Each structure stands twice: as structure tokens, then as C-alpha cells.
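The primary structure of each chain is shown beneath.
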Amino acid sequence: MIIAMANDHAGYDLKVQIREWLESQGHEVRDFGTHDSGSCDLSDFIVPAAQVVAMGVCDRGIFVDGVGYGSAMIANKFRGIFACVCQDPVCAELARQHNDANVLCLGGKLIGPVLAMATVEAWMSAEPLTAEKYQRRRDKVAAIDRERTVALS
């Protein structure tokens, strides 16, 4: 699987740990930065990473900032992105199972590396539930996404 990663200064250390784990599991990681812990603007890194997920160049994205919500707010501006903020493995598993979230956003200031890694593992291993009610709900959200978000051009 090809995973787009992006972060700001607050998420740098955690992103490095996640990237190393993903690569050890055989995934290809495309790292959009930032590449150090110096102060920066989150959108400079989330926008290009979200674009490659939206275009299908990368299968999923994992974005890390201080709290996770900034990344999700930016990423969800793009058609085809379904970004979730998860702070534990249960939420991460449910985000994939119920909503087929294709971008995981984590808060590097909120959760430590052990909980973050368990959250990433749960999100990476979970698959969308196939029961009709879950697919129907995902289809409705996808229709809203197609009708009301800005297309990449």
C-alpha cells in the first residue's frame, strides 16, 4: 500500500516513528514533510499529501499535527478525502469499518507514541464492513462529497 504522510512541527517526531513502522510492514511511504521540528504552516504539507490521496496516487494518508483537527479540516476540503481524527485504536478501527476513512489524523501533542502506534495499527488493519446498512451510509456520504466539495483541477 502507498501511504502519503504529512505533518507540522508538532507532529514531526511521531510521524517519523509511524513512517518507520509502515516501511517495516512493507508499505511505501511518500513523505510530504515537514522534515524537521521547526515552526511551519500545516497547510503547506497537508494540501499536497491530501491531493495525492484524492487523486488515487496514494492509497491512504496519515497526517500528524498538534491535535489532529487542523489536518482533518484541511484534508476534508478535497473531494474524495474522508479524514478522521482518532485518539485511540477503537475509534481508528470504527473509522475504517463504518466510514471507510482514507486519511487518519493524529494529534502528536495529545497521544503518546505507544497509543499512537496502536491507533495506526488498528486503522491500517481494519477493513470496511460489508453489511448493506454500512455501504448505504457510506454511499450517501460519498454522494454529498461529490455534490458539495471542490473538485481537483
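Look above for the structure.
Now for a quick tour of the structure. Predicted model only: the values in this text are computed from it and were never measured. (Residues numbered from 1 in each chain as written. Predicted model: local features only at pLDDT ≥ 70, side-chain atom pairs only at ≥ 80, totals over all residues. Heavy atoms only, no water.)

**Some details on unusual backbone geometry**
Put simply, the rule is: Note on conventions: DSSP H or I runs of at least 4 residues are helices, E runs of at least 2 residues are strands, and numbering of each starts at the N terminus.
Here the residue pair Gly33 and Thr34 is connected by a cis peptide bond, since its omega of 5 degrees sits within 30 degrees of zero. For Thr34, the location among the structural elements is in the loop between β2 (28-31) and α2 (43-54). In this model, Asp100 sits at a positive phi of 55 degrees, which is unusual for a non-glycine residue. Note on placement: Asp100 falls in the loop between α4 (89-99) and β5 (103-107).

**Things to note about the sheet that holds strand β4 (residues 83-85)**
To summarise the sheet geometry, strands pair through backbone hydrogen bonds and adopt either a parallel or an antiparallel arrangement. Stated formally: A pair of strands is labelled paired if DSSP reports no fewer than 2 bridges between them. A fitted line through C-alpha atoms serves as each axis, taken over the contacting stretch for helices, and the angle formed by two N-to-C directions is quoted from 0 to 180°. When checking whether two residues touch, look at their non-hydrogen atoms; a contact exists if any pair is within 4.5 Å.
The parallel open sheet is built from five strands, whose spatial order is β2-β1-β3-β5-β4. Two strands in the sheet have a free side with no partner beyond their single neighbour: β2 and β4. Geometrically, the sheet is characterised by an average inter-axis angle of 25 degrees between neighbouring strands, direction not taken into account. Inspection of the sheet shows β4 paired to β5 by three bridges, in the parallel sense. Within β5, the residue paired with Val85 across the bridge is Cys105. In the packing of α2 onto the sheet, contacts are made with β1 (2-7), β3 (60-65) and β5, and the angle to β1 comes to roughly 165 degrees.

**Details of the pairing of β2**
This is how the line gets drawn: By convention a crossover is right-handed if, when the strands point away from the viewer, the path from the first strand over the helix to the second runs clockwise.
As paired elements, β1 and β2 share four bridges and run parallel to each other. Residue pairing in the sheet places Met5 in a bridge with Asp31 of β2. Handedness of the crossover is the feature at issue here: the chain leaves β1, passes through helix α1 (residues 12-24), returns alongside β2, and the resulting connection is right-handed.

**Quick look at the nonpolar core**
Rule in force here: In this text, buried Ala, Val, Leu, Ile, Met, Phe, Trp, Tyr and Cys residues form a nonpolar core when linked through side-chain atoms within 4.5 Å. The cut-offs for exposure are 20% and 50% of the maximum accessible area for each residue type, with area from a 1.4 Å probe on protein chains only; residues under the lower value are buried, those over the upper are exposed, and the others partly exposed.
Core analysis: the largest hydrophobic core is formed by 22 residues, its most contacted members being Ile18, Leu22, Ile62, Leu104, Leu106 and Trp123. Elements with a minimum of two residues in this core: β1, α1, β3, α4, β5 and α5 (113-125). It is α5 that contributes the most residues to this core, six residues altogether. Those residues in contact with Leu22, other than ones at most four positions away along the chain, are Ile3, Met5, His27, Val29, Ile62 and Met124. Core analysis: the next-biggest nonpolar cluster, separate from the first, contains 21 residues, Ile2, Ala75, Phe78 and Ala83 among them.

**Observations concerning the layout of surface pockets**
Note the threshold: Method remark: on a 1 Å grid restricted to protein atoms, a set of points is classed as a cavity if a 1.4 Å probe fits but cannot get out and as a pocket if it is open with protein on both sides within 12 Å along at least five of seven lines; lining residues have an atom within 4 Å of a point. Grid points are joined across faces, edges and corners, and a volume is the space filled by probe spheres set on the points. Any residue outside Ala, Val, Leu, Ile, Met, Phe, Trp, Tyr, Cys, Pro, Asp, Glu, Lys and Arg is labelled polar, Gly included; the first ten of those are nonpolar and the last four are charged.
There is about 330 Å³ of room inside the largest pocket. Considering the residues around the largest pocket, the lining is formed by 20 residues, among which Phe82, Asn99, Asp100, Arg138 and Val141 are closest to the centre. Going through the elements one at a time, β4, α4 and α6 (132-148) are the ones with two or more residues in the lining of the largest pocket. Take the lining of the largest pocket: its biggest share by element is eight residues, from α6. For the lining of the largest pocket, the class distribution of residues is eight nonpolar, six polar and six charged.

**Some details on the environment of Gly56**
Its location among the elements puts Gly56 in the loop between α2 and β3. Residue Gly56 is classed as exposed on the basis of its relative accessible area, which comes to 52%. Each C-alpha atom of the pair Gly56 and Ile2 lies 9.7 Å from the other, and the pair is 54 residues apart in sequence.

**Quick notes on the packing of α4 against α5**
Let me state the cut-off plainly: Note on angle classes: values under 35 degrees are labelled roughly parallel, values over 145 roughly antiparallel, values of 65 to 115 roughly perpendicular, and the remainder oblique. Two helices crossing with the near one rotated counterclockwise from the far one by less than a right angle form a left-handed crossing, whereas a clockwise rotation gives a right-handed crossing.
Running from N to C, α4 and α5 point in directions that differ by 20 degrees, and their axes come no closer than 8 Å. Judged by the angle between their axes, α4 and α5 are roughly parallel. Note that α4 runs across α5; the crossing there is right-handed. Contact residues: Pro89, Ala92, Glu93 and Arg96 in α4; Leu115, Ala118, Thr119, Ala122 and Trp123 in α5.

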